Structure formats: C-alpha cells, structure tokens
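Coordinates in review
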Amino acid sequence: MPQKEFETEYPPIDTDPHFRRVVRYFRPSDYYTMAGAAVAFPSALFLLENSDPSRARGRLGAALKLSAFLGLTGGFLLAYQRSTFRFWGWSENEREQEMAKEESAKGTVPGFGQSNMTEEMQGAAHRNSIFSQLNLAVLPWFNVVNHKYHGSESA
C-alpha cells in the first residue's frame, strides 16, 4: 500500500526513522527539554507539598525520585517527538538534512541495512511504527527494524 504524501514546509528526510537515528540527531535543545522536564516534575511536586503539606514527614523522598524518573521519561519522549518532527519535515531541519547527506554518502544510515526478516514482517513493522510518534503519550512505540519503507530519497 503506498504511503501518504504530505506537503510540508521543509523537505522530509525519513518518514519512518530508526530509533538510533532519531536519538543520534538530537539537538542541544532536545537535551535541555529532557533536563527541564526531569527538574520541573519533582519541583512542582515539592512546591505543591510545601503549599499544602500532607503531614507525612520524611516520606517525600520516594515520591521525588519517582517524579524525577517520570519527568525524565516524559522529557525523553518529548525530545524524541521533536526530533522525529524534523525528520518528517514538520519543523526546521537544515542541520538534519546535512547530517543525512553525510550519512547516506558514507552508507551508514541506521534502519536502511539488510534485514533477516521476511518482506511481510518488514511491512508489518513499518505499518506499526509509521507515525507512532504522534501517540507517544499513550503507547511509546519506536522503529527498531531495518526495512526498505522510508519514503525518502536517502533510501
């Protein structure tokens, strides 16, 4: 089945990028987003506890650790989604275009290599992971399969 084409302001690089490629293309602003979420979540919990104490002294430590983990996880998912939007051409992606050109010239693009999966399984993996980054809050699903369905010129 052909993949839907979208008109975007910026040229798309890869419509189903591999997990390693998305993480490798993180910008410093993506790391700042992750760090900000990891700090903001426990800070908000601490401020709420101070504004209306639950009178359970000494028990806030575990909640702060859990909230820091949840903040870091949420920050990572947000940074991953922002990086994927640049791959799709939904946001400015000049830096990523240059990196993709260098990668394709070297032949080291993650997700484009040989796969030991059958054509049917590669197609199923592609259909399951395409545009899954739009729903990361419900079900975090990443493309970790090498396949030929990328909808890009670098393929």
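Identification of the chain as Nadh-ubiquinone oxidoreductase 21 kDa subunit from Malassezia pachydermatis is taken from an unreviewed UniProt entry.

The next subject is the nonpolar core. The biggest cluster of nonpolar side chains holds 11 residues, and these are I13, V22, Y25, F26, M34, L77, A79, Y80, F87, A100 and L136. No other element matches the 4 residues that helix 3 (residues 60-88) contributes to this core. For L136, the residues in contact, after removing those within four places along its chain, are L77, Y80, Q81, W141 and F142.

Bringing the environment of L66 into the picture now. Of note, L66 is situated in helix 3. Sequence-wise, L66 and F41 are 25 residues apart; in three dimensions their C-alpha atoms are separated by 9.6 Å.

We now examine the pattern of salt bridges. Using the criterion set out here, one finds 9 salt bridges in the structure. Ionic pairing is found between R27 and E96, a salt bridge with its closest N-O pair at 2.8 Å. With R27 in the loop between helix 1 (19-24) and helix 2 (28-51) and E96 in helix 4 (residues 94-106), the pair connects residues that are 69 residues apart, well separated along the chain. In this structure, the salt-bridge partner of E96 is R95, at a minimum N-O distance of 3.5 Å. The structure contains a network of salt bridges with shared partners spanning R27, D30, R82, R86, E92, R95 and E96.

A surface patch of nonpolar side chains, amounting to about 400 Å² of accessible area, comprises F41, L66, F69 and L70. By residue number, the principal contributor to the nonpolar patch is helix 3, which donates 3 residues. Looking at the secondary structure, you find L70 in helix 3.

Another aspect to go through is helix 3. Spanning 29 residues, helix 3 covers 42 Å between terminal C-alpha atoms, matching the ideal 42 Å at 1.5 Å per step. Turning to helix 3, its buried residues number three or more, namely S67, G71, G75, L77, A79, Y80, Q81, S83, T84, R86, F87 and W88. Residues of helix 3 that are buried sit in contact with helix 1, helix 2 and helix 4.

What follows is about the packing of aromatic side chains. The relation between two aromatic rings is expressed through the spacing of the ring centres and the mutual angle of the planes. Scanning the model with the defined rule gives 14 aromatic pairs in all. Their ring planes at 55° and their centres at 6.2 Å tell us that F19 and F76 sit as a pair that is tilted. Taken together, the residues span a long stretch of sequence, with F19 in helix 1 and F76 in helix 3 at a distance of 57 residues. When the ring of F26 is compared with that of F76, the centres are 6.0 Å apart and the planes differ by 55°; the resulting orientation is tilted. Note that F26 is positioned in the loop between helix 1 and helix 2 and F76 in helix 3, a separation of 50 residues in sequence. Aromatic rings pair up to connect F19, F26, Y31, F76, Y80 and F142 into one cluster.

Parameters at a glance
- Residues numbered from 1 in each chain as written.
- Predicted model: local features only at pLDDT ≥ 70, side-chain atom pairs only at ≥ 80, totals over all residues.
- Heavy atoms only, no water.
- Core = buried A, V, L, I, M, F, W, Y, C linked by side-chain atoms within 4.5 Å.
- Buried < 20%, exposed > 50% of the residue type's maximum accessible area, 1.4 Å probe, protein only.
- Helix = DSSP H or I, 4+ residues; strand = E, 2+ residues; numbered from the N terminus.
- Contact = heavy atoms within 4.5 Å.
- Salt bridge = Lys/Arg side-chain N within 4 Å of Asp/Glu carboxyl O.
- Patch = residues over 30% accessible without salt bridge, like charges linked within 9 Å, V, L, I, M, F, W, Y side chains within 5 Å.
- Areas by Shrake-Rupley, 256 points an atom, 1.4 Å probe, with all protein chains shown as cover.
- Expected span 1.5 Å × (residues − 1).
- Phe/Tyr/Trp six-rings, centres within 6.5 Å; stacked < 30°, edge-to-face > 60°.

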